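# Architecture and fold: a report
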Amino acid sequence: MKLKADRATLMKALAHVQNVVEKRNTIPILANVLLAVKEGRLSIAATDLEIALIETVAASTSRDGAITVPAATLYEIVRRQPEHAEIELDHPGGDAPLALRAGRYATKLVAISTDEFPKLDAGKLSHKFNISAHALRGLIDKTRFAISTEETRYYLNGIYLHAAEHEGQPVLRAVATDGHRLARVQETLPEGAAGMPGVIVPRKTVGELRKLLEEITDDVEIALSETRIQFTISTMKLTSKLIDGTFPDYNRVIPVGNDKILRVGTKDFSDAVARVSAISSERHKPVKLSVGRDLLVLSATSPEQGTASEELDSDHVAYESTPIEIGFQARYLNDVTEQVGNEVEFVFADGSAPTLVRDAADPSAIFVLMPMRV
Amino acid sequence: MQALCRDCDRALAAPAGSCPHCGGHRIVAHEQLFELAIAHVDCDAFYASVEKAYRPELRDRPVIVGGGTRGVVAACCYIARLSGVRSAMPMFKALKLCPDAVVIRPDMARYAEAARAVRALMAPLTPLVQPLSIDEAVLDLSGTQALHNAPPAAVLSRFARAVERDIGITISVGLAPNRLLAKLAAERDKPRGFYVFGAEAAAILAPEPVGLLPGIGPAMQRTLAARGITRLGQLAGLSSREAMRLCGPDGPHLAARARGEDSRPVDPRRITKSISAEMTFETDLRDLAKLEAYLWPLCEKLGRRLRAEGFAALGLTLKLKTSDFSSFTRAIKLANPTMLPDLIFSAAQPVLKREIGASSFRLIGIGASHLVSERLADQGDLADTQTPRLVARQTAIDDLRARFGPGAIGKGRALRPAKPSAV
């Protein structure tokens, strides 16, 4: 294998795959990155057996071949080269080390043959569709905060992505819940996604995917089966196992009979929550909302530190139903309000029932919050 | 010197060999006897004493409460102790030392009832009663002299005789200026004792080994011994700086305790921090299915105890003891507080499963931690609509058992194990 590539290109790809490399290092070769040259193209790959990332990189290649070297070391060496350096990688084959040259710098890295490197085969993927990076970012950003970290209910440790119907229209839906809050976001169902199996995309995959989507404006291709999902994002291909479990029937917990609607400016509200909850030393920081006609009073008490309250009047609040008192964890309120635009809408049933929250201007995303006793 | 006759509760003008009023010989005397107000009350050989009170014919026999040849001694009476039997000793060893002992399987319901009776007698003494375990409590009698028209020492002496008369068991009382010294005092004159620690406590404790202090276990003893400290007096003599240098951040606190200082108040609110149930097997087990069969009744028992105490658990601890007697625990975090046996089992089972393989086990236990109020228990959540149904089912099971006995209804998986061998 022999090639030349410029430092910036190489470093960017290495930074991407670096994240995927197994951190705990239970299997030594998983700390390595796979470099392969074939048909004039360089590909860089890493896997932790759950997720695999392959990135194709522009390079001028002169000999095919493949080898693996420690990802962290290679990244560090490339990173330390001068900005516009051209880097040459040369591996003659067999057990020889990988030679890296850049200007007058030269190194030989101990390399392990690709035989031991896990095969990154996604198997047969039954469904394939395209979605804009912007839409995919939205599905992720508005749900990932609700992903559970609980071990016992492992099937909640990801985003449930599935095809559904909303008011007669087919939609691609993302749902996440940790039992205390639930987020449901949807997009028009892309062509090719009809009939796809519902899949649970693991939290780590969601995190890596989101990083890769950062600078992307094009469409992302998603291909999936019941056990694997693959995202093709420009020159990158992220393949992941899916969580093998059944996501609970979330439709049963989305309240339908709630009728008390509170509208409040999102920033006014979240600032008030932060100010009021600052008094509480408890982990959950309960905040009580007392809602009356065009009036919202937020309050919190701490047995050690005292009390705090803040009023939002008709300049900020619209409410016409019967008065209600209800409590929530401050963090849950803030996590949800971060996902909505200028005005947030709470739809209550009573002080102890799950509450529906949504962006007053965008009904495609809904959130459900479990109240807590205050 | 202040003195009191423990047979008639009268104050005596001076310490004497016998009471001039009733002729009793149980005289307690101390410089501060009528001023001290913190008492530690500990029932003597509690389980064994309750059994003897229940079966008077056993009064003069050595009695061991515990189970099976593989179990351990849960309690032993003072006659059995003469042969060298001690609590927590393996049963086979106890029976070797005391072959004619009467071995009784523990009857927790009976002990719980006796404990409630003892606590009922404490209630009129002071509102500040803090139960520490089934057979121990600490009482703050400060300011009760006018109420009882008697100093705390006399009130406690009367209480001790009331327990003997009404419940048929004996207690030991430690009276001191604080909780730590009261506990140490109660241990000093067992059984049927009454010991007082006042200002002289530090001097009396100085030659004692550091292990006497609650909180200094074998590991800390080794650490201290390595630094040349084996007696409480040495620990007490350390300045805060020296103590911190020698024993780490807890050092100054340990030194203060070695001097007999303790500022913990008596807190009558329940302070239960954990509730647990465990069982030793007749033969060592390594098979998951068999271990699960023992785990299930323990989960049921734990659920019952949580309900009885008004708690729900946010955490669990699985305890296992291997055949070479080394024990270890695994902590489990729960998403929502529970007292349901099914949820306790389903959280503990995968953790147990991970431990299967290398070793065989002689004991399994399950404990509840991070306790919260029962009001928060088993409410289900957005991802769990099953739990409220489980609650309804458990309530039905409990009702049936309350009416027709514990064997009236049970889960299929409860049918597999042999009878538990010990508690």
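In what follows, the structure referred to is the one given above.
Overview of the structure.

Thresholds, definitions, all that
Residues numbered from 1 in each chain as written. Chains lettered and ligands numbered in written order. Predicted model: local features only at pLDDT ≥ 70, side-chain atom pairs only at ≥ 80, totals over all residues. Heavy atoms only, no water. Helix = DSSP H or I, 4+ residues; strand = E, 2+ residues; numbered from the N terminus. Contact = heavy atoms within 4.5 Å. Areas by Shrake-Rupley, 256 points an atom, 1.4 Å probe, with all protein chains shown as cover. Buried < 20%, exposed > 50% of the residue type's maximum accessible area, 1.4 Å probe, protein only. Phe/Tyr/Trp six-rings, centres within 6.5 Å; stacked < 30°, edge-to-face > 60°. Lys NZ or Arg CZ within 6 Å of the ring centre and 35° of its normal. Pairing = 2+ DSSP bridges. Axes fitted to C-alpha atoms, helices over the stretch in contact; angles between N-to-C directions. Buried area = accessible area lost by both parts, 1.4 Å probe. Salt bridge = Lys/Arg side-chain N within 4 Å of Asp/Glu carboxyl O. Polar contact = N/O pair within 3.5 Å; in protein donor to acceptor, adjacent residues only side chain to side chain. Nonpolar A, V, L, I, M, F, W, Y, C, P; charged D, E, K, R; others polar. Expected span 1.5 Å × (residues − 1). Arc of directions from axis to C-beta. Parallel < 35°, antiparallel > 145°, perpendicular 65-115°, else oblique. Left-handed = near helix turned anticlockwise from the far one by under 90°. Core = buried A, V, L, I, M, F, W, Y, C linked by side-chain atoms within 4.5 Å.

## Comments concerning the overall build of chain A
- Across its full length, chain A holds six helices and 26 strands.
- Residue pairs in contact within chain A that sit at least 24 positions apart in sequence constitute 67% of those at least 6 positions apart.
- As presented, chain A carries roughly 17600 Å² of accessible surface, and 48% of it is formed by carbon and sulfur atoms.

## Describing the overall build of chain B
- Within chain B, the regular secondary structure consists of 15 helices and 15 strands.
- Split into buried and exposed, the 423 residues of chain B put 48% on the buried side.
- Sequence-distant contacts, at least 24 apart, represent 63% of the contacts inside chain B between residues at least 6 apart.

## Remarks on the packing of aromatic side chains
- Per the stated rule, a full pass over the model turns up twelve aromatic pairs over all chains.
- Between Phe46 of chain B and Tyr47 of chain B, the ring centres sit 6.0 Å apart and the planes meet at 55°, which makes this aromatic pair tilted.
- Residue Tyr47 of chain B is classed as buried on the basis of its relative accessible area, which comes to 16%.
- Site record: aromatic cluster; members linked through ring pairs are Tyr160, Phe247 and Tyr250 of chain A.
- Over the ring of Tyr78 of chain B we find Arg81 of chain B; its NZ or CZ atom is 4.4 Å from the centre of that ring.
- Over the aromatic face of Tyr54 of chain B sits the side chain of Arg110 of chain B, whose NZ or CZ is 3.4 Å from the ring centroid.

## Remarks on the sheet that holds strand β7 (residues 102-104) of chain B
All names here are of chain B.
- With mixed pairing, the three strands of this open sheet are ordered in space as β6-β5-β7. Unpaired on one side and paired on the other, β6 (73-76) and β7 mark the two borders of the sheet. The sheet shows a mean angle of 25° between the axes of neighbouring strands, taken without regard to direction.
- Note that strand β5 (residues 63-66) and β7 share three bridges and pair parallel. Paired with Ile64 across the bridge in β7 is Val103.

## Details of the interface of chain A and chain B
- If you look at the interface, chain A gives 18 residues, while chain B gives 13 residues.
- Buried area between chain A and chain B, both sides added, is near 1200 Å², and the carbon and sulfur share of it is 57%.
- It is Arg153, Val253 and Arg373 of chain A in chain A that bury the most area against chain B; as a group they hold 38% of the surface buried on that side.
- For Arg153 of chain A, the salt bridge is made with Asp381 of chain B, and the minimal N-O distance between the two is 2.8 Å.
- Inspection of the chain A/chain B interface yields three residue pairs in polar contact (both at pLDDT 80 or more).
- Taken together, the residues of the side of chain A that touches chain B break down into seven nonpolar, four polar and seven charged.

## Remarks on helix α5 (residues 266-277) of chain A
All names here are of chain A.
- Between the first and last C-alpha of α5 there are 16 Å, a value that for twelve residues agrees with the 16 Å anticipated at 1.5 Å per step.
- Of all the residues in α5, the buried ones are Thr266, Phe269, Ser270, Ala272, Val273, Val276 and Ser277. Around the axis of α5, the buried residues are gathered within 160° of arc, so they sit on the same side.
- For α5, the secondary structure elements touched by its buried residues are β18 (260-265), β19 (286-292), β20 (295-302), β21 (306-312), α6 (330-337) and β24 (343-348).

## A word on the side chain of Asp90 of chain A
Residue and element names in this part refer to chain A.
- Counting through the fold element by element, Asp90 comes out in strand β7 (residues 86-90).
- Within the local environment of Asp90, its side chain forms a polar contact with the side chain of Arg63, the two groups lying 2.8 Å apart.
- Those residues in contact with Asp90 that lie beyond four places of it in its chain are Met1, Lys2, Arg63, Pro97, Leu98, Ala99 and Arg101.

## Describing helix α7 (residues 179-188) of chain B
Residue and element names in this part refer to chain B.
- Most of α7 sits out of view: seven of its ten residues are buried.
- Those residues of α7 not exposed but buried are Arg179, Leu180, Leu181, Ala182, Leu184, Ala185 and Ala186.
- The residue sitting at the N-terminus of α7 and contributing the capping side-chain oxygen is Asn178; that oxygen lies 3.2 Å from the backbone nitrogen of Leu180.

## Re the packing of helix α3 (residues 133-141) of chain A against helix α4 (residues 203-212) of chain A
Residue and element names in this part refer to chain A.
- Put simply, α3 and α4 touch, their axes get as near as 11 Å, and they point 140° apart. One element, α3, and the other, α4, form an angle in the oblique class. Here α3 runs over α4; the crossing is left-handed. Of the residues in α4, those in contact with Leu136, Arg137, Ile140 and Asp141 of α3 are Val206, Leu209 and Arg210.
- Classifying every residue of the contact of α3 with α4 by side-chain character gives four nonpolar, no polar and three charged.

## Considering the nonpolar core
- Counting residues in hydrophobic clusters, the biggest one holds 100 residues, and the most contacted among them are Ile44, Leu289, Leu296 and Leu298 of chain A.
- If we skip the residues at most four places from it in the chain, Ile44 of chain A touches Leu10, Ala13, Leu14, Val17, Val33, Leu34, Leu35, Leu53, Ile54, Glu55 and Val57 of chain A.
- Ranked by size, the runner-up nonpolar core spans 56 residues in total, among them Tyr47, Ala101, Ala154 and Val155 of chain B.

## Quick look at the pattern of salt bridges
All names here are of chain A.
- Scanning the entire structure with this criterion turns up 42 salt bridges over all chains.
- Salt-bridge contacts for Lys260 lead to Asp259; the nearest nitrogen and oxygen are separated by 3.9 Å.
- Using a relative accessible area of 15% as the deciding quantity, one classes Lys260 as buried.

## Overview of the sheet that holds β18 of chain A
Residues and elements named next belong to chain A.
- Spatially, nine strands are ordered β14-β11-β12-β13-β26-β25-β24-β18-β22 in an open sheet, and the strand pairing comes out antiparallel. What marks the edges here is a single partner per strand, and that holds for β14 (199-202) and β22 (317-319). Shown here is a sheet whose adjacent strand axes are inclined to one another by a mean of 25°, direction ignored.
- Both strand β11 (residues 158-166) and strand β12 (residues 169-177) contribute to a ladder of seven bridges, which runs antiparallel. Within β12, the position partnered with His162 by the bridge is Arg173.
- Lying on the sheet, α4 is in contact with β11 and β14; it crosses β14 at an angle near 70°.
- Across the sheet, α6 touches β13 (181-188), β24, β25 (355-359) and β26 (362-369), and the angle it forms with β26 is around 170°.

## Some remarks on the pairing of β7 of chain A
Residue and element names in this part refer to chain A.
- The element β7 is extensively covered by neighbouring structure, given that four of its five residues are classed as buried.
- Here strand β1 (residues 2-6) runs beside β7; their pairing, made up of five bridges, is antiparallel. Counterpart to Ala5 in the pairing with β7 is Ile87.
- Bridge analysis of β7 against strand β8 (residues 98-102) gives three bridges, and the strand direction is antiparallel. The partner of Asp90 across the bridge, within β8, is Ala99.

## Describing the environment of Asp359 of chain A
Residues and elements named next belong to chain A.
- For Asp359, the location among the structural elements is in strand β25.
- By relative accessible area, Asp359 is classed as buried at 11%.
- Setting aside residues no more than four positions away along its own chain, Asp359 makes contact with Val340, Gly341, Glu343 and Ala365.

## So, the packing of helix α1 (residues 7-20) of chain A against helix α2 (residues 71-79) of chain A
Residue and element names in this part refer to chain A.
- Taken N-terminus to C-terminus, the directions of α1 and α2 make an angle of 150°; their axes are 9 Å apart at the nearest point. Looking at the two axes, α1 sits roughly antiparallel to α2. The handedness of the crossing between α1 and α2 comes out as left-handed. Two secondary-structure elements touch here, α1 through Arg7, Leu10, Met11, Leu14, Ala15 and Gln18 and α2 through Ala71, Ala72, Leu74, Tyr75, Val78 and Arg79.
- Residues belonging to the contact of α1 with α2 are distributed by class as follows: nine nonpolar, one polar and two charged.

## A short note on the environment of Ser270 of chain A
All names here are of chain A.
- Turning to its location among the elements, Ser270 is positioned in helix α5.
- Put simply, Ser270 and Leu333 are 63 residues apart on the chain and 7.6 Å apart in space, counted from C-alpha to C-alpha.
- The contacts of Ser270, once residues within four sequence positions are left out, are Asn334 and Thr337.

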